[in-house]
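Examining the three-dimensional arrangement
Residue-level listing of the chains:
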Amino acid sequence: MKVELQNLTKIFPSRNKKSGEEVIAVNNFTFTIPDGQLVGLLGPSGCGKSTTLYMISGLQQPTGGKIFFGDEDVTELSPENRGIGLVFQNYALYPHMTVKQNIMFPLQNLKGEDKMTKDQMIERAYEAAKLVQIDELMDRKPSELSGGQQQRVAIARALVKMPRVLLLDEPLSNLDARLRLQTREEIRRIQRETGITTVFVTHDQEEAMSISDIIVVMKLGVVQQIGKPQEVYDDPTNLFVAKFLGTPPINVFDGEVKGGKLYIGESAIIDVPGVDDRKVIVGVRPEGFIPDANGALTCKLNNVEVMGRDVSVVSANSASLNPVVRSIIDADYKINKNAEYVSFSLKAHKVFLFDAETEERIRFEVK
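All of the points below concern the structure found in this document. Note that the structure is a prediction, hence the values are computed from the model and not measured.

**With respect to the layout of surface pockets**
Vacant regions in the atomic arrangement are exposed by a probe of water-molecule size rolled over the atoms. Of the pockets and cavities examined, the largest pocket occupies roughly 790 Å³. Taken together, 26 residues make up the lining of the largest pocket; nearest its centre are Pro79, Glu80, Ile84, Pro106 and Lys161. Among the secondary structure elements, those contributing two or more residues to the lining of the largest pocket are β6 (84–87), α2 (99–108) and α4 (147–159). By volume, the second largest pocket amounts to about 160 Å³. If you trace the second largest pocket, you find it lined by Ala25, Ser45, Gly46, Cys47, Gly48, Lys49, Ser50, Thr51, Gln89, Asp169 and Glu170. At three residues, the largest contribution of residues to the lining of the second largest pocket is made by helix α1 (residues 49–57). The class makeup of the residues in the lining of the second largest pocket is two nonpolar, six polar and three charged.

Structure follows, in structure tokens:
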């Protein structure tokens, strides 16, 4: 099911009656979610991603704009008539019901032509349970399940109605690190097997990038960039997107362009043809550093962290806007841990320039 958002806007009244300033949670969001795709809404707390999800679900009414499921305008349609499955952050399972009863619950409310017999509901519940691999737990209560198992019950309950659209609101935030990894892989598998158009809300960029077909990066209710995860990582449209994506985060420096060359401090780092002379902000991905005794960028060495196949070099530079400069290099490079300084050359395609005032991307030809 294709989902189309047209100029979607949500404005909340001010909590401060004296100031009267309204809060724009989502501002003019226009985007088409392709049929059968998993889209990640990504951004920090308060960016409007959950509000967008709740408007798609019908739990919140937009202040402006329209929502279409296929060719059907569902903007004014009630949640129960939209054909959505919704999984909340806290699972919202009924504690007095068994797993089977929890999964069957949405089916018991079907009416008219959709009404099902008890045997049909049980069969459908077991099909959904098998999909998320909890069919052996059907007689347990939620209190007898682990966090990961409860999450699977919530997903099965959302899937049992065979929804047109599946909506997931930070579904992994209550799980420990290992379980998060396992469950996000399960969500990706389930989505592929069912082919249901899915919207996944998270503030965890690693989560969003690992399972999404498309990510939407948001800030203060405004969409910053939309694209395939790797494309957005490799080609950020502004400094916010560049800083939000990536682990470890991008290294940021004060810089200046003079005569077609980029300077960090007093050193000319790379050629940036076609860029006018100006002050810039420079972003360098951690994997963009190459240890080089003759490299133009010299940093004070703080520490070398061996991580197996990779080595993390922690250093400092007076032009850095981050507390430290973190470089991820191949373990085949031997770094003298006792050295006072370390020098690097840079991979030009891992270096991004941003306007010092607007923080918008300044593009240059990489040779």
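Now that the structure is up, let's keep going.
**Re the nonpolar core**
It is characteristic of soluble globular proteins that their nonpolar side chains tend to be buried jointly. Counting residues in hydrophobic clusters, the biggest one holds 35 residues, and the most contacted among them are Ile103, Ile134, Leu159 and Ile187. Of all the elements in the fold, those that place two or more residues in this core are α2, α3 (118–131), α4, β7 (165–169) and α5 (177–194). Residue contributions to this core peak at six residues, all from α4. One finds Ile264, Val280, Val284 and Ile362 within the second-largest nonpolar core, a separate group that totals 30 residues.

**A short note on the packing of α4 against α5**
Working note: a packed helix pair is described by the angle between its axes plus the distance between those axes. In the contact formed by α4 and α5, the axes pass within 11 Å of each other and the chain directions differ by 20°. The angle between the axes of α4 and α5 places the two elements in the roughly parallel class. Here α4 runs over α5; the crossing is right-handed. For the pair α4 and α5, contact is made by Gly147, Gly148, Gln151, Arg152, Ile155 and Leu159 and by Leu179, Gln182, Thr183, Glu186, Ile187 and Ile190, respectively. Considering only residue class, the contact of α4 with α5 consists of five nonpolar, five polar and two charged.

**Considerations on the packing of α2 against α4**
Across the interface, α2 lies against α4 with an axial gap of 7 Å and an inter-helix angle of 30°. Relative to α4, the element α2 lies roughly parallel. Viewed along their axes, α2 and α4 form a crossing whose handedness is right-handed. Together, Val99, Asn102, Ile103 and Pro106 of α2 and Val153, Ala156 and Arg157 of α4 make up the contact between the two elements.

**Let's talk about the sheet that holds strand β13 (residues 267–271)**
Across a sheet, paired strands are connected by hydrogen bonds in the backbone, their directions being either parallel or antiparallel. Read from one edge of the open sheet, six strands run β13-β12-β11-β14-β20-β21, paired in antiparallel fashion. The open sheet has two edge strands, β13 and β21 (361–362), and neither has a second partner.

**As for the pattern of salt bridges**
Throughout the structure, instances matching the rule amount to 19 salt bridges. When the shortest N-O distance is used, the salt bridge between Asp213 and Arg188 registers 3.1 Å. Of this pair, Asp213 sits in the loop between α6 (205–211) and β9 (214–219) while Arg188 sits in helix α5; the two residues are 25 residues apart in sequence, bridging distant segments of the chain. Residue Asp213 is classed as partly exposed on the basis of its relative accessible area of 23%. Across the pair Lys300 and Glu340 runs a salt bridge, and its minimum N-O distance is 3.8 Å. Residue Lys300 is located in strand β16 (residues 297–306), and its partner Glu340 is located in the loop between β18 (325–330) and β19 (341–346); the two are separated by 40 residues in the primary sequence. For Lys300, a relative accessible area of 39% gives the class partly exposed. A single network of salt bridges, built from pairs that share partners, joins Arg152, Glu186, Arg189 and Glu193.

Procedures and definitions
- Residues numbered from 1 in each chain as written.
- Predicted model: local features only at pLDDT ≥ 70, side-chain atom pairs only at ≥ 80, totals over all residues.
- Heavy atoms only, no water.
- 1 Å grid on protein atoms, 1.4 Å probe; cavity = no way out; pocket = protein on both sides within 12 Å on 5 of 7 lines; lining within 4 Å.
- Points joined across faces, edges and corners; volume = space filled by probe spheres on them.
- Helix = DSSP H or I, 4+ residues; strand = E, 2+ residues; numbered from the N terminus.
- Nonpolar A, V, L, I, M, F, W, Y, C, P; charged D, E, K, R; others polar.
- Core = buried A, V, L, I, M, F, W, Y, C linked by side-chain atoms within 4.5 Å.
- Buried < 20%, exposed > 50% of the residue type's maximum accessible area, 1.4 Å probe, protein only.
- Axes fitted to C-alpha atoms, helices over the stretch in contact; angles between N-to-C directions.
- Parallel < 35°, antiparallel > 145°, perpendicular 65-115°, else oblique.
- Left-handed = near helix turned anticlockwise from the far one by under 90°.
- Contact = heavy atoms within 4.5 Å.
- Pairing = 2+ DSSP bridges.
- Salt bridge = Lys/Arg side-chain N within 4 Å of Asp/Glu carboxyl O.

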